Amino acid sequence: MYSLQKERVSRRKHHWGRLGDLPDRYLPAMPLLKEPVDLVVEGYSSDTEIEHAPAYQEEVRETLGLKDGAPIVLVSHHLSHLYSAFYPSPFEEAAGLVIDAQGSHVRDFTEDVPLPPGTDGDLLEVASFYRCRRGRLECLAKQLWDGDWARPAGLGCFYALLTKMLWPEGEGNEGKVMGLAPFGDPGALGLPGLDVRGHEVHIPDAWLETFRRRDAFVYEPGGEEFRRAANLAAAGQRAFEEALNRVVAWLHAETGLDALAFAGGTALNCSANGRLIRESPFREVFIPPSPHDGGTAVGCALYGLIACLGVDSRFRWTDDFLGPDPDESDIEAAVRALPAGLYAEQPADLVGELATLLDSGRVIGLHQGRSESGPRALGNRSILGDPRSPDMQDYINFEVKGREWFRPLAPLVLAEHAEQIFEVDRPAPFMQYAAAVRPEHRDRLPGITHVDGTARLQTVTRATTPFLHALLSRWHERTGTPVLVNTSLNGPGEPLTETPEHSIQTLAATGMHALAMPPYLIRKREEPPLPGEPA
C-alpha cells in the first residue's frame, strides 16, 4: 500500500487537490503509477471539485496505463473514511463511526442509507454510524446538514467554527485549539454543552451567538486576550468531548458490539480520544493513523479491492509508513550536494552517536525509510530531543518550529516501559490519544508533559520501527529514561518533509543541530546554542 498527500510534494500545508496533480505531482513522485492499472477509485468531499469529475476521469485515462476495460469508480466521502478505518483494523466485527465537518451530498452517496423518501439531495453528511462485519457494512444512521453556516450542525462544524474564532486565518488549526484548552477554565464563559439528540448533535444558541462575535476571542500570546482565548478553547473542548461520548454511547447501545472503528477529521482530537477510550462503553477503540481526509485515499484503494474487485485485503494498519520507497541514490546525491555550512559523516555507531548528541541537549532530525502517510511523525520524519530538559519545549517551538509557546511536544516511549511512565493499558503506535503522565514522572519529563499532566504518546516496538527502537533502547541504557521528545520534521508552517533535500533544507533553515539520515549524520559547522543557552 502506498499513500502520498499533495502537500508533501508541493510543500504547501493542506494543499487541496486540483486537475493537473496526477501527471505533474504524483506520477513523478510515485513510479508505481506507471505500471498497468486494473481499477481507479476516486473520492470527493463536499467541495466543488466533484463538478469536474469527467475532467478528472479524462486526466486519469490520459496519464495512467489503464488496462482494457478498467473502470473508474466514485465512492462517497464517509464510506471512504470507513474503509480506511474498519477493514485495516484488527477487528472482525465492530461499530463504525465517521464524523467530520462535511462529507458528500445525499445525491452523491454510493452506499445504502436509511433515509426518509424525498430527502433533499443537497444535504450533506456530517456524521455516519455503522455496524461492520468483514464482507458487510450496514449504515445505521447519518446526521445531515443543509450546508448553511448560519445554522451549523454536528461535531465537525462545531469544532471548525470554534477554531476559526481563535485562528481566523489559515487551515488545520484544530490541533492548536486542543493544545490551548488546558490553559483555560471551561466554565468561565458560562457556555452550555452541546444539544445531543440520539445520534445527532446540534449547536445551542449561546454558542451560535458566541461564534458571531468575530474578533472577540482571537488568540494572542499573552495577557487578557490569551486568557479569553484559552477559556473559549476549554469550553469548546469540554463540550466536544461530552457530546462525542454521548453519540458513541448511542452507537454502542444500537450495535451492542465491543469494538469501535472511528475516522473522520474529528478523530484527530487526541484529548477527546483519550477520554473516549477511558469512558466509553466500547472495550476496544481503533483510530487509523490517517483518520482525516488525507487517509481517504487508502479508503478508496481498499474500497476498490474489496467492494469492486472482490479481493480479501490483508492490509492492516501495523505502521503508517506508506510513502514512496526510498532510493539510496537520492540520499547519496543529496549528501554530495550539501549546502555550505553543513557536513556529513558516517559514524561507525550511528545509534550511539545520536544518543550522545541527544544527551548533550542537541535537537536532531531523523529521516529514514518511507514517509508517514498521516499528519503525525512516527519516527521516519521526526525531530528528537531530551524530554528531561526544561528548556526543550520552548527551544523547539521557537527556534525550530516557529510556532506558539504553549504547543506541547509528544513522547516516544519503548512499548515495554509505557505503563511505567503513562497511565495506559494499551499500545499507542500512531499517537491516537492523550494519556496522563504518571505524577512521579511529570517533573522529570517537562519536555513532554502538558500543563494538564497529559501527553500524546507513541509506543515504539522493534517490529515496526527497528532503528527507532534501537535508539530508544540505547538512550534508556545511557540515561535511565525510556522516553524521547518527538515532533514532526518540518520548518515553520510546512508539512512533513518528504525527500532528503526537504529534510536537509529544514536542518539548514532552523535551529536543529543535526540530521540523521542513515547511514549519514549531517551536522552544522557552526552550531546554534543549546536549549537554555543564551543566543
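### Digging into the overall build of the chain
Then comes step 1: Regarding its fold elements, the chain presents 17 helices and 19 strands.
Then comes step 2: Rg of the C-alpha trace for the chain: 23 Å, near the compact-globule value of 24 Å for 535 residues, within the 12% margin.
Then comes step 3: Referenced to the eigenvectors of the C-alpha coordinate spread, the extents of the chain come out at roughly 70 × 65 × 40 Å.
Then comes step 4: A buried classification covers 58% of the 535 residues belonging to the chain.
Then comes step 5: In the chain, the proportion of contacts linking residues at least 24 apart, taken out of those at least 6 apart, comes to 72%.
Then comes step 6: If you sum the accessible surface of the chain, you get close to 22,000 Å²; carbon and sulfur atoms cover 48% of it.
Then comes step 7: Of the charged side chains in the chain, 52 are positive and 76 negative, and the gap between their average positions amounts to 2 Å.

### Regarding helix H12 (residues 350-359)
Then comes step 1: With 7 of its 10 residues buried, H12 lies for the most part within the structure.
Then comes step 2: In the core, the buried residues of H12 are packed alongside strand S11 (364-367), strand S12 (381-385), helix H16 (466-479), strand S17 (483-488), strand S18 (514-517) and strand S19 (520-524).
Then comes step 3: Once H12 finishes, Gly361 follows within two positions and takes phi at roughly 100 degrees, a positive value.

### Concerning the sheet that holds S12
Then comes step 1: Read across the sheet, 8 strands follow the order S10-S19-S18-S11-S12-S17-S13-S16 without closing on themselves; strand pairing throughout is mixed. Across the chains shown, the open sheet's two edge strands, defined by having one partner strand only, are strand S10 (342-345) and strand S16 (458-460). Ignoring which end each strand starts from, the neighbouring axes of this sheet average 30 degrees apart.
Then comes step 2: Note that S11 and S18 share 3 bridges and pair parallel. Bridge pairing in S18 links Leu366 to Ala516.
Then comes step 3: Strands S11, S12, S17, S18 and S19 of the sheet are contacted by H12, whose axis makes an angle of about 30 degrees with S19.
Then comes step 4: Of the strands in this sheet, S12 and S17 are in contact with helix H13 (residues 392-401), which crosses S17 at around 25 degrees.

Conventions adopted
Residues numbered from 1 in each chain as written. Predicted model: local features only at pLDDT ≥ 70, side-chain atom pairs only at ≥ 80, totals over all residues. Heavy atoms only, no water. Helix = DSSP H or I, 4+ residues; strand = E, 2+ residues; numbered from the N terminus. Rg over C-alpha atoms; globule rule 2.2 N^0.38 Å. Buried < 20%, exposed > 50% of the residue type's maximum accessible area, 1.4 Å probe, protein only. Contact = heavy atoms within 4.5 Å. Areas by Shrake-Rupley, 256 points an atom, 1.4 Å probe, with all protein chains shown as cover. Lys, Arg positive; Asp, Glu negative; His and termini not counted. Charge placed at Lys NZ, Arg CZ, Asp CG, Glu CD. Pairing = 2+ DSSP bridges. Axes fitted to C-alpha atoms, helices over the stretch in contact; angles between N-to-C directions.

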